[in-house]
Structures are given as structure tokens and as C-alpha cells.
Amino acid sequence: ATAQIGVTGLAVMGRNLARNLARNGFAVAVHNRSPERTRSLVAEHGDEGRFVPAESLADFVAALERPRAVIVMVKAGGPTDAVIDELVPLLDAGDIIVDCGNAHFADTRRREEALRKQGLHVVGTGVSGGEEGALRGPSIMPGGSAESYRKLGPIFEKIAAQVDGVPCCRHIGPDGAGHFVKMVHNGIEYADMQLIAEAYDLLRAGLGAEPAEIADIFREWNSGELESFLIEITADVLAHGDATGRAFVDVVLDQAEQKGTGRWTVQSALDLGIPITGIAEATFARSLSGHAGQREAARRAFPAAGATWRVDDRETFVEDVRRALLASKIVAYAQGFDQIRAGSREYDWDIDLGGTATIWRGGCIIRARFLDRIRQAYDDQPDLPTLLVAPWFADTVRDGVPSWRRVVAEAARAGVPAPAFSSSLSYFDALRADRLPAALIQGLRDNFGAHTYRRVDRDGSFHTLWATADRREVEA
Ligand code: 6PG
């Protein structure tokens, strides 16, 4: 046995992770179902470090030092189960299966529980950063046992992105905690992208600007509080011209696809009772965009209103959109961190929220300057009720509110859809309202279904006898 770790599944992510491991001095066993990929990896990159190629799974496992650590980098769902089923008979107690795919955390919990009984560790690990990240330093979110992290930690912390000398990897918590956190990361990624898309759309309509001009605006924003990977690549994509001479963004079909992690985030939030409205709007906005038939029918019935809209004061509008974007982004992150806290409580994971923000500062798709502030906020006050009230976030939102309202109002007047901007503003207004109309909902529920209500002035549950003449209230 000569390899410290192995990677099976050598499509681009697996291949790049293996190269990253090798480049960082780890001897890495590599295996792929069809051996051509293993051969081509070694032929093309064999000089980057120590690869131990294996054509059978048995040889692959035999090449690993004990306890063995096997990274499985195949499609989530059935393919992952199939590889694990093949691996298990070849492994011994104490060995570690590291699932680096985008698995659903519930699947990871199931696998971890089943294999724990056989003495094997299953470590569901979120890996973010796409192909480049996998190669040059991703953000790594491992779940699983503390024992498994003793072996994996030093390896993963070395190959992860580093920010201010701190690796973008830490043990998130037991069983499915890593995949859960990666799932919420992707939900936030959806929200971030939707907000950016709305900002672009509003600028384009309100200013009558071309994508290349809007690219300059994003480039400028990237030197301030919004500095982030997604803002940076937005400028890049908007500035890109197509071979036809048109802006690239104008030749791409306007139907956003998804592989499912955003949907999982929303489903989990519904189960946990956490209102992640920004992520949900972003996920629904993608699905709406895909309903081409309905869009066509509606377009015919209600010809677009936005075409003639132009703002009066361009500079103010650009700054308003920037502030609205920042405030909405704060809402999305506040909601995402609420969900992580709720998941951590529900599944007993003891996730460190500030620590999670720390490992998203680099490597991952949502990496941003802003994440340092989130880390700071949770470090200063671990029991923060919501990120919105942490000092810097509260000040930023407060400063941004007039802009936020102007942008949402202008969008509504002009008929430009801004679902994530407007629902984030509504979330903010609802959260800080003195009284919510939820009281009326309780009254209606009690009226038609005797569902009872609580009172502001007394403890207990009550029901009004709505059908009686005197509408007497009784204790339920
Ligand atoms: C990452 C990304 C990565 C992938 C998403 C895309 O963190 O590196 O999140 O996991 O790009 O799964 O998801 P959609 O296809 O659903 O947009």
C-alpha cells in the first residue's frame, strides 16, 4: 500500500481533485470505471505528483494505506450507491468513504448510519468551486465522524483554498452536516445569482444600457462591499460578445436550469419551518423561466410594459440598485444561516455558524468579502437571533432601505420583474413589523375550523364560539 488517499470517479471534478492532491504532495490512487480516463489522467498529468493508477476497484483499494480513505466523485443518487456497494466488501473497519458529490444530506445520513454498523466511516463532503476550485483549492465541507476528520483534516486543509492563512475547510459536524451545509451554500448561490440577474435587468431597462456598459457597473461594484466571485464573473459574462456580433447574454436562451440543490434547500426549509424566501424566490424564478408555453401565452395577452421606462437620474438609480442588491443579499444570507442553525438543532450537529462563514471566504462559488463580516458577526455573538441585527448588517440595511424601496417601487411601476428584490424587502418589513396580520389568520382559522388561538394578554389556548349568539370565548 503506497497511496495516502484514493479518488474513484475521474470525470472533471474527480480528476481535478486528484491532481490537486498530487500537486500538494499526497500519493493518490486513482480509479475510474472505464480505465481510459485513469490512463489519460496519468499520461497527461503524471508529472504533477505521485499517482497510483488502478484498473480494478480491488487493486485501487489494495493501493491505499490504512485506514483507507476513498474519495467517491460520481453522480449523486444511484451511481453513488452503486460505487459504495462495490467498495464496501473490499474495505475494513476504520476505513473511510468520502462522498464528494452533491448528495442529498438525507442520503448521506442513511449511508452513514448503515455503514457505521460495519465499522466504516461515511463522510459526506461538500466541495464547492467548480472545476477550477477542485484543481486550485476548493472550499471543502466535510461531515462524518470526528475520528475520520483526524485522517482527512490535514489532507483537505492542505488542498483547500486559503484565506489569510486559514484553510477553507473545517469539520462541519457528524453524518450529513457537510452535505447539508453545501446544500444551503448552493441555495444561497441561487439567491445571489437571482439578485445579480435582477440588478442587471433593472439597470438594462432603467438606463437603456447595453450589457457591456452594465459590465462596467458590476466591475466597479466589485471594488466595494459587493466584492465577490459572482459579481466579478457577471462583469465578465456581460462584457462577452458572441461570434454573431451580439452580446453573449442576448443569444443565450432565457431559461435557467438547475440540478436540484436549490430545490432541496427550499424543501428542507419548509420541513424545518425556516422562511428562506430569497432562496425560494430564486428557485421559483428559475422554474418560471422554463415555462416557455405559459410565458408565450402571457406575453401575447399582456404585451410588455417595461420597454418605455427610463430613469431620470442615472447615477442615483445605479447607486439605488447597488444598495438594494446589498440589502437583499444580506437577507438571503441571514435566511441561509437561519436554516443552517435550524438544521444543526434538528439533527444535533452542533455546527459553528461563524466557522462555516470562514470556509466560504475562498474557493467556493459564493466567496465574497462580505463573508468575513458574517464570520465576525457570529464570533462576536454566537446566539445572534438573525444576521440582520448584527451591527454592520443592521447599519447597511438601514442605510439601504430608502434605495431598496425606490428600486422595488420603480420596478413594480415599470413592470420589470424583481421577485427576489421585492420579496427580500417584504421579509425585512415583516420581520420588523410591530404587529402582523397573522392575528387575523388565527381568527379565520378559529372561525371556520375551531383551530384555537393564543392571546396577547393571557396564557393558554382559546376558542370563540362563533356560532353562538353571544360569541363567548372559551378556554380550549
Ligand atoms: C459549487 C456549485 C456546484 C454546481 C451547482 C450548480 O459550489 O461549486 O454549487 O455544486 O455548480 O450544483 O447547480 P445548478 O445546476 O443547480 O445551478
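Cut-offs used in this document
- Within each chain, residue numbers correspond to sequence positions counted from 1 in written order.
- In view of the model being predicted, local features appear only for residues whose pLDDT reaches at least 70, and side-chain atom pairs are presented and counted only at 80 or more, with totals across whole chains, interfaces and linings using the full set of residues.
- The basis for every side-chain value is the complete set of heavy atoms in the structure, and neither hydrogens nor water enter the calculation.
- Helix numbering and strand numbering both begin at the N terminus, where a helix is a DSSP run of H or I of at least 4 residues and a strand a DSSP run of E of at least 2.
- We compute the radius of gyration over the C-alpha atoms and compare it with the globule rule, which gives 2.2 Å times the number of residues raised to the power 0.38.
- The buried label applies to any residue whose accessible area, calculated with a 1.4 Å probe on protein chains only, is under 20% of its type's maximum; exposed applies above 50%, and partly exposed to all values in between.
- The contact criterion used throughout is that any non-hydrogen atoms of two residues lie within 4.5 Å.
- Residues counted as positive are Lys and Arg, residues counted as negative are Asp and Glu, and His and the chain ends are not counted.
- All charge positions are set by atom: Lys at NZ, Arg at CZ, Asp at CG, Glu at CD.
- We define a polar contact as two N or O atoms separated by no more than 3.5 Å, with the added condition that, inside protein, one atom must be a possible hydrogen donor and the other a possible acceptor, whereas residues neighbouring each other in sequence contribute only through side-chain atom pairs.
- A pair of strands counts as paired when DSSP detects no fewer than two bridges linking them.
- Assignment of crossover handedness uses the view with strands pointing away from the viewer, where a clockwise path from the first strand over the helix to the second indicates a right-handed crossover.
- The near set for a molecule or strand comprises every residue that places at least one heavy atom within 4 Å of it.
- Where accessible areas are quoted, they stem from the Shrake-Rupley method and a 1.4 Å probe; at the residue level, only the protein chains shown are allowed to cover.
- Each residue gets one of three labels, nonpolar for Ala, Val, Leu, Ile, Met, Phe, Trp, Tyr, Cys and Pro, charged for Asp, Glu, Lys and Arg, and polar for the others, Gly among them.
- Only buried Ala, Val, Leu, Ile, Met, Phe, Trp, Tyr and Cys residues count toward a nonpolar core, and they belong to the same one when joined by side-chain atoms within 4.5 Å.

*Asks:* Whenever I open this one, the overall build of the protein chain confuses me. Can you help?
*Replies:* Assigned secondary structure in the protein chain consists of 20 helices and eleven strands. At 25 Å, the protein chain has a C-alpha radius of gyration in line with the 23 Å of a compact globule built from 476 residues. Taking all 476 residues of the protein chain together, the buried fraction comes to 52%. For the protein chain, the proportion of contacts with a sequence separation of at least 24, taken over those separated by at least 6, is 67%. The positive charge centre, built from 54 side chains, and the negative charge centre, built from 66, are 2 Å apart in the protein chain.

*Asks:* Is there a simple way to explain the side chain of T108 in this structure?
*Replies:* By secondary structure assignment, the location of T108 is in helix α5 (residues 105–116). In this structure the side chain of T108 is engaged in a polar contact, spanning 2.7 Å, whose partner is the side chain of H179. Here T108 is in contact with A103, G124, D175, G176 and H179, once residues within four sequence places are set aside.

*Asks:* What's the story with the pairing of strand β5 (residues 96–99) in this structure? I'm lost.
*Replies:* Consecutive side chains along a regular strand alternate between the two faces of the sheet. The side-chain alternation of β5 yields two buried faces, one formed by I96 and V98 and the other by I97 and D99. Pairing geometry for strand β4 (residues 69–72) and β5, over four bridges, is parallel. Among the inter-strand pairings, I71 is bridged to a residue of β5, identified as V98. A crossover links β5 with its parallel partner strand β6 (residues 121–128), the connecting element being α5, and its sense is right-handed.

*Asks:* Looking at this model, I keep getting lost on the site of the ligand. Mind explaining?
*Replies:* The immediate surroundings of the ligand are formed by 14 residues, with S128, E189, Y190, K259 and R286 found nearest. N102 places a polar side-chain atom, nitrogen or oxygen, 2.9 Å from an oxygen atom of the ligand. The side chain of Y190 places a nitrogen or oxygen atom 2.4 Å from an oxygen atom of the ligand. Isolated, the ligand exposes 410 Å² of accessible area, and the fraction of that covered by the protein chains is 81%. With five residues, the top contributor of residues to the shell around the ligand is helix α8 (residues 177–207). Considering only residue class, the shell around the ligand consists of two nonpolar, eight polar and four charged.

*Asks:* What am I meant to see in the side chain of S139 here?
*Replies:* With respect to the helices, strands and loops of the structure, S139 is situated in strand β7 (residues 139–142). A polar contact of 2.5 Å, which involves the side chain of S139, links it to the backbone oxygen of I359. Excluding residues that lie within four positions of it along the chain, S139 makes contacts with G126, V127, S128, C168, I359, W360, G362, G363 and C364.

*Asks:* In this structure, what is going on with the nonpolar core? I would like to understand it.
*Replies:* For soluble globular proteins, the rule of thumb is that nonpolar side chains tend to be buried together. L203, F218, W221, W360, I374, W404 and F421 are the most contacted members of the largest nonpolar core, which has 92 residues in total. In contact with W404, other than residues within four places in its own chain, are A324, A327, S328, V331, V397, F421, S424, L425 and F428.

*Asks:* Would you explain the environment of A54 in this entry?
*Replies:* Looking at the element boundaries, A54 is found in the loop between β3 (51–53) and α3 (57–62). The sequence separation of A54 and R39 amounts to 15 residues, and the corresponding C-alpha distance is 9.1 Å. For A54, the residues in contact, after removing those within four places along its chain, are V30, H31, T38, D59 and F60.

*Asks:* I tried to follow unusual backbone geometry on my own but got confused; where do I start?
*Replies:* A negative phi angle characterises most non-glycine residues, just as the trans form characterises most peptide bonds. Note the cis peptide between R66 and P67, where omega equals -10 degrees. For T452, which is not glycine, the phi torsion reads 70 degrees and is therefore positive. By the secondary structure assignment, T452 is in the loop between α20 (438–449) and β10 (462–464). When its relative accessible area of 22% is taken as the criterion, T452 is described as partly exposed. Positioned with a positive phi, R471 is a non-glycine residue whose angle comes to about 45 degrees. Among the structural elements, R471 can be located in the loop between β10 and β11 (473–475).

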